[in-house]
Each structure stands twice: as C-alpha cells, then as structure tokens.
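# Observations on the model geometry
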Protein chains: 2
Amino acid sequence: MEKHNIPQLLDIQQAHQRIRAYIHRTPLQTCAAIDAIAGCQIYFKCENLQKVGAFKARGATNAVLKLSGNLRANGVATHSSGNHAAALARAATKVGVKSYIVMPSSAPEIKKAAVRTYGGEIIECEPTLAAREEMLIKVVNETGATFIPPYNHMDIIEGQATCALEMWEENIAFDSILTPVGGGGLLAGTALVTHYLNKKAKVYAGEPEGANDAWQSFRAGSLIPVYQPKTIADGLMTSLGDITFQLIKTHVKDVFTVSEEEIVSAMRLIYERLKLVIEPSSAVPLAALLANKEVFAGKNIGIILSGGNVDLSKLPF
Amino acid sequence: MEKHNIPQLLDIQQAHQRIRAYIHRTPLQTCAAIDAIAGCQIYFKCENLQKVGAFKARGATNAVLKLSGNLRANGVATHSSGNHAAALARAATKVGVKSYIVMPSSAPEIKKAAVRTYGGEIIECEPTLAAREEMLIKVVNETGATFIPPYNHMDIIEGQATCALEMWEENIAFDSILTPVGGGGLLAGTALVTHYLNKKAKVYAGEPEGANDAWQSFRAGSLIPVYQPKTIADGLMTSLGDITFQLIKTHVKDVFTVSEEEIVSAMRLIYERLKLVIEPSSAVPLAALLANKEVFAGKNIGIILSGGNVDLSKLPF
C-alpha cells in the first residue's frame, strides 16, 4: 500500500460532497434508558435508515461517481449477496451505468429481488468463493466492466469514512466511536477520519467470536482470515483485506469480540428501546460496549448502526 | 363544551414551549420505496421515537406542568394500562409530583414494570372498566390527586397538538395529515392545529374495522361507542369521548376503516422499508392510505407513527 494513496481529510470531504445528493444524512439518536444501562452517553448513527438500508450506499456511490466516462460506459461488476450488491446496483443505475452482480444461485430470492429492483443484472454461479471469483473474472473480461470490491479498495473506504465525518460535524465531543467489523471498510474509514479530526478520540471495533479474524489479526500483527465463520451477524462473515487491515492496525485502538448471546441481547435492547429495526451486525458494537463498560464509563460514545436489512420472519426473539 | 375552552393556536404554541425540554422533537422520515407503492410523497412523524415510546408523553407532560403548585402537592392519578400510564408517571416524576396509576391486575408485567420504572405507584383492581373507575374515584378521594384522563381533556388535546405543530414548522406543504384514532386526543389535536395553520389541508383518521366507533360516530353525527372491540391495534380499543368527538366532527375530513390484514401488511412495510419498530396502531394510517390511494395520489402526506411499544415476541410476522 502506497502511503500517498490513503485518502486524506480533504479527499473524504470531497467524497461527501460527491455523494451527498445520492444518500441520506442519517440522524444520530440517543436513548436515556440505554445510557442508564451502559453507564455512558451514546449517540447512535442510524445507517439502518440509509439508502438501501446500509452504510454500503456511501462507498459504492463514491466508487461509481469517481469512475471516468470511459470506464462508466462499460459498467461495473462485483460479487456479493449482501448490502454491497444492492448498493452498487443502485449507485450505478442512478448515474446511468450498467451493473453486473455475481451472486450464488443459493442466495435468498429477496436479495436477488432487491438487486433487480435497483436495476442490477444478476449473474448466478455455484455457491463457492472460487466459483464466484471465477465468474466475476469472466464477466469483467467479457464486458470490460470495472470491478468494485465490497471493502478492500480506497474509494470504498473513502466513501464509508463519510459516515463518521457526518458524526464529527455534529460537534459532539466523542471520546470513542465503535463500529462493527467484517471486511473492515467501515472501520477503516471511521478510524481514518477520526484520526484526522480528533487525535485524542479512539476507535474500537466489535466482532462476533464466531468470525474473529480482525481480533486475531490485530493481535498477531498480520492478516489471519477466518475459515467457516459462524454467527447470526451475517454481514460480518467476511475477513479483513490487506488494505483495510493496514489502516485498522495503524488507527484502531482495539477489537472486542462478543458472543452470540450478547449480540442477540443488544439487538433486542435496540428494538425495544431505540425502536429501530437493525440487522444483527448492527448490534455488535453495543454488545461490545456493554461487555466492557469500564472502558467507556461516563464518556461520550458514538456507535454506528450499520444496517437494517433483516429477515423479519427470522428475528431471534 | 364551551367554545372558549378550545385551545387556540397560541395555547398550543405555549404548550410546545412548556413541554419541549421534557420531550424529543421527533424526526420526519421519508422512504422512496413506500412512496412508489403509495403513489404520493409521505412524511412519517416518528412518535415511536418519542419519550416513553409514544406521543402520549406530550399530553401528559402538558397536563402535569399546567397544574398549580397546590394541586401538584397532592399528585395526579389515572386509570390506564397503556402508554398514557407510563407517560403520566414519567411526566409527574420529572417535576417531583406523585402519580397513582390504577391498572387491572391482569395487565402484563412488562407494562407494570414500565410504570414503576418511571416512578408511578400502581394500584391494582379487577379487570373491568367499572372496577377501574371505582378504584380511581377511591384513590382520588383518599389522596386529593388530580385525575388526568388519557384523551378527553383539553390539556391533553393541547399537548398532543404539538406533534402536528412540529410537522407544520418543517415548512412542508402537506395536503393531508393522517393519524390513527382511538380515544381521539391525537386526532383532535392534529385537526385543530392544522385548521389554524392551513385551511386547505385536510386531516383524516385511520381506524380498525374491529373498533370502528369513530367511523360510526362520524357518520351518525353522534357518539356511538364500540363494545367489545377486537383488533391487533391494541392502542385503538378505546372509544371517542364527548370533547374529542366534537372537535373531530368539526375539523376532520373523514375516517377510514381498515381490516386486520391491511394493518399487518402496512406494519410489515414500515418495519421492512422504514426500518422502524412501531406498535400495530401506528400502521393504521398507512393502511388507510394504501386502501384509498386515489384520494392521496400525487399529494404531500403527513402520517403520524403514534408509538413503538410492542411485544417483540408477538410480532405478526
């Protein structure tokens, strides 16, 4: 990773200007009842209320808008069955660019329908990572589309950083900001912009025990992917990439892991008290905070609720 | 009802000043996907994010704050097992006033716990309306507490009117505003403030078919209470009072009834698309709009999501 490639503060601010007509400026919500339980003052950044129901709209939109006219003509492509797929399809359609989304044939129909609704073309493949990557290469070769990866890419990280940028613009003296960590795009972007804007503030990640590659990598000092992750937080199954890991290693204070029970319990608290529909991944930072109250006691804390795309018929309560 | 008792615009504005330090100014949320389905532009006023999880915080706080010092010393009382009970307990405790809440012994433990958490004293009675009223009279006689009814009271209506006042302050040219109707406090307040601020705008109510006293009364021109109401929208079981009915008759354009299936379907849409946790009552106005799309086609519509207190283990999906 060349250091001069790392997005600077001005780059992130320009990304925010670039995407702001295409995304929501999501609200910060507070809840006295949760504060009383947590022993600190928490501001929840509601990316579950973001376009496509997740922060992924930011990075995907930024990456598509940064493409030159030449490249736009050939379209964009990715492989994903999650929020990045929907976000990329929507961002591309908004600016008249074609999008090819490689999805496993086993992906739920509701996820395929979302991509189609946003105007993406779905290319199905066998449900293995090898088959997905192979199919993606085929699509890119045949169409000339530009591959927009879900997290391990500077334009994506720059876009995700606009979420914490909006939080800092609210003039709240955050002592710490917590995000979930899967591939690390949101965490890296949050850590980067916080590093620029407040050298004293700390950024922490929450991660499920059953997909603890960031926790392991952070401690080992080198990338340790997790094979066969298992957690209700389906958005956090992916492992860090080399780019996100370098930024996280440099700018993140610590990674906390939480159990499945702690995730479900925090998720329930957010439904009952904040009255917000979130996907399980979004509950992971609050679960991490509640399991480590002494670290945050009496402080001003920002928590990013990363998304709200959940199968209502499979809620764990 | 003496006409000079009806809250004027200045009264409602003063009520808003009075209560604003005790309540949230709740956000207005929009959703492109729901707009596409509905064929109009909808702004959802999120009273599910209000203190105690419902608009009831407004009226109860207004009524308590308007009590003179003399009366405050003896406390306040009500009979309710719903949001008004929690709202009154909280409002009273906030200003150092004692609150007596008469609740049926059969009320769910979670509702009793909420009242206790807010500092209310629960007095249990048999689960009949007669027993509740008898016990309330007893409590009032013994303590000198002031009875604060849940809806049929000018201070309550004045307080609930501050919700639509905030909506109009956003400078959106609403053609219509829809609210649910149970006892009619929210509906009457909304109709009143809308009448003052925009003579052309219309206020409509949504009501469950299984508790259709407002629909019947509106058509008959006289109060027709419903006995044995039956609906998933548990906040809308109560019938109109004489005060709320007079205001509704004068200032509301129409009442629409909706089936249980329509309520559940609209509720699901709000969870899936708006990512908000609401109680079934809150889904009734959207259900009414979707069943009468031709009335609202292409217009700017405000919908009040009245509350978010729902038993998550009993969601209808």
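Residues numbered from 1 in each chain as written. Chains lettered and ligands numbered in written order. Predicted model: local features only at pLDDT ≥ 70, side-chain atom pairs only at ≥ 80, totals over all residues. Heavy atoms only, no water.

As a further point, take the interface of chain A and chain B. The partner chain B presents 22 residues to the 22 residues of chain A that form the contact. Together, the buried faces of chain A and chain B total about 1,700 Å²; carbon and sulfur atoms form 61% of this surface. Area buried by chain A at its contact with chain B is led by A:Lys275, A:Val277 and A:Leu312, which between them contribute 37% of it. For the interface between chain A and chain B, the tally reads zero salt bridges. Joining chain A to chain B, the criterion identifies six residue pairs in polar contact (both at pLDDT 80 or more). Ranked by residue count, the leading element in the side of chain A that touches chain B is helix α12 (residues 260–274) of chain A, at four residues. Class assignment of the residues belonging to the side of chain A that touches chain B gives a composition of ten nonpolar, eight polar and four charged. (Contact = heavy atoms within 4.5 Å. Buried area = accessible area lost by both parts, 1.4 Å probe. Salt bridge = Lys/Arg side-chain N within 4 Å of Asp/Glu carboxyl O. Polar contact = N/O pair within 3.5 Å; in protein donor to acceptor, adjacent residues only side chain to side chain. Helix = DSSP H or I, 4+ residues; strand = E, 2+ residues; numbered from the N terminus. Nonpolar A, V, L, I, M, F, W, Y, C, P; charged D, E, K, R; others polar.)

What follows concerns the packing of aromatic side chains. Two numbers describe a pair of aromatic rings. These are the distance of the centres and the angle of the planes. Residues and elements named next belong to chain A. Scanning all chains against the criterion turns up twelve aromatic pairs over all chains. Ring centres 5.8 Å apart and planes at 90° place the aromatic pair tyrosine 43 and phenylalanine 174 in the edge-to-face group. One end of the pair, tyrosine 43, is in strand β2 (residues 41–46); the other, phenylalanine 174, is in the loop between α8 (154–169) and β7 (176–180), with 131 residues separating them in the sequence. Grouping residues by exposure puts tyrosine 43 and phenylalanine 174 together as buried. Members of the aromatic cluster, each reached through a chain of ring pairs, are Tyr43, Trp168 and Phe174. (Phe/Tyr/Trp six-rings, centres within 6.5 Å; stacked < 30°, edge-to-face > 60°. Buried < 20%, exposed > 50% of the residue type's maximum accessible area, 1.4 Å probe, protein only.)

A few words now on the sheet that holds strand β9 (residues 254–258) of chain A. Residue and element names in this part refer to chain A. Taking strand neighbours across the sheet as the criterion, the six strands line up as β1-β2-β10-β7-β8-β9 in an open arrangement whose pairing is mixed. Each having just a single partner strand, β1 (28–29) and β9 make up the two edges of the open sheet. Pairing of strand β8 (residues 202–208) with β9 involves five bridges; the strand directions are parallel. Directly across from glutamate 207, in β9, lies its bridge partner threonine 257. (Pairing = 2+ DSSP bridges.)

On to the domain arrangement of chain A, then. Residues and elements named next belong to chain A. By domain assignment, chain A separates into domain 1 (3–55 + 153–314) and domain 2 (57–147). If you look at the interface, domain 1 gives 25 residues, while domain 2 gives 18 residues. Carbon and sulfur atoms supply 56% of the area buried between domain 1 and domain 2, which totals about 1,700 Å² over both sides. The largest contributions to the domain 1 side of the interface with domain 2 come from Arg18, Tyr22 and Val52, which together make up 38% of the buried area. Linking domain 1 with domain 2 are four salt bridges. Close ionic contact of lysine 66 with glutamate 158 constitutes a salt bridge, the shortest N to O distance being 2.9 Å. The interface formed by domain 1 and domain 2 holds 15 residue pairs in polar contact (both at pLDDT 80 or more) in total. Among the secondary structure elements, those contributing two or more residues to the side of domain 1 that touches domain 2 are α1 (9–19) and α8. In terms of residue count, the dominant contributor to the side of domain 1 that touches domain 2 is α8 (eight residues). (Domains from an automatic or database assignment.)

Let us now look at the UniProt feature "domain: Tryptophan synthase beta chain-like PALP" (unreviewed entry) in chain A. According to UniProt, the feature "domain: Tryptophan synthase beta chain-like PALP" (unreviewed entry) maps to residues 21–307 of chain A in the numbering used here. The span residues 21–307 of chain A shows a helical share of 48% and a strand share of 17%, and its end C-alpha atoms are spaced 20 Å apart. (UniProt positions renumbered as here; feature names shortened; annotations may be inferred.)

β8(A) sits mainly inside the fold: six of its seven residues count as buried. Read from β7(A) through helix α9 (residues 185–197) of chain A to β8(A), the crossover connection turns out right-handed. (Right-handed = clockwise from strand over helix to strand, strands pointing away.)

On to the pattern of salt bridges. Across all of its chains, the model carries 30 salt bridges over all chains by this definition. Among the ionic pairs, B:Arg58 bridges to B:Glu166, the shortest N-O distance being 3.0 Å. Taken together, the residues span a long stretch of sequence, with B:Arg58 in helix α3 (residues 56–66) and B:Glu166 in helix α8 (residues 154–169) at a distance of 108 residues. B:Glu166 carries the same exposure label as B:Arg58, and that label is buried. Each of the salt bridges in this network shares a partner with another, and the network as a whole consists of A:Arg18, A:Lys66, A:Asp155 and A:Glu158.

Moving on: the pairing of strand β5 (residues 121–125) of chain B. All names here are of chain B. Relative to β5, strand β4 (residues 99–104) runs parallel, the two being bridged by five bridges. Among the inter-strand pairings, proline 104 is bridged to a residue of β5, identified as cysteine 125. Crossover connection from β4 via helix α6 (residues 109–117) to parallel β5: handedness right-handed.

Time to look at the environment of B:Glu109. Checked against the element boundaries, B:Glu109 lands in helix α6. In this structure the side chain of B:Glu109 is engaged in a polar contact, spanning 3.2 Å, whose partner is the side chain of B:Arg116.

Moving on, we come to the relation of the copies chain A and chain B. When chain A is fitted to chain B, the best match, at an RMSD of 0.0 Å, comes from turning it 180° and sliding it 0.0 Å along the axis. What the rotation and shift describe, once combined, is the action of a two-fold rotation axis. In terms of C-alpha distance to the rotation axis, chain A has A:Leu276 as its closest residue, with the C-alpha 2.4 Å off the axis. Of all interface residues in chain A, 100% are interface residues in chain B too; the two copies therefore contact each other through one and the same surface. (Least-squares fit on C-alpha atoms with pLDDT ≥ 70 in both.)

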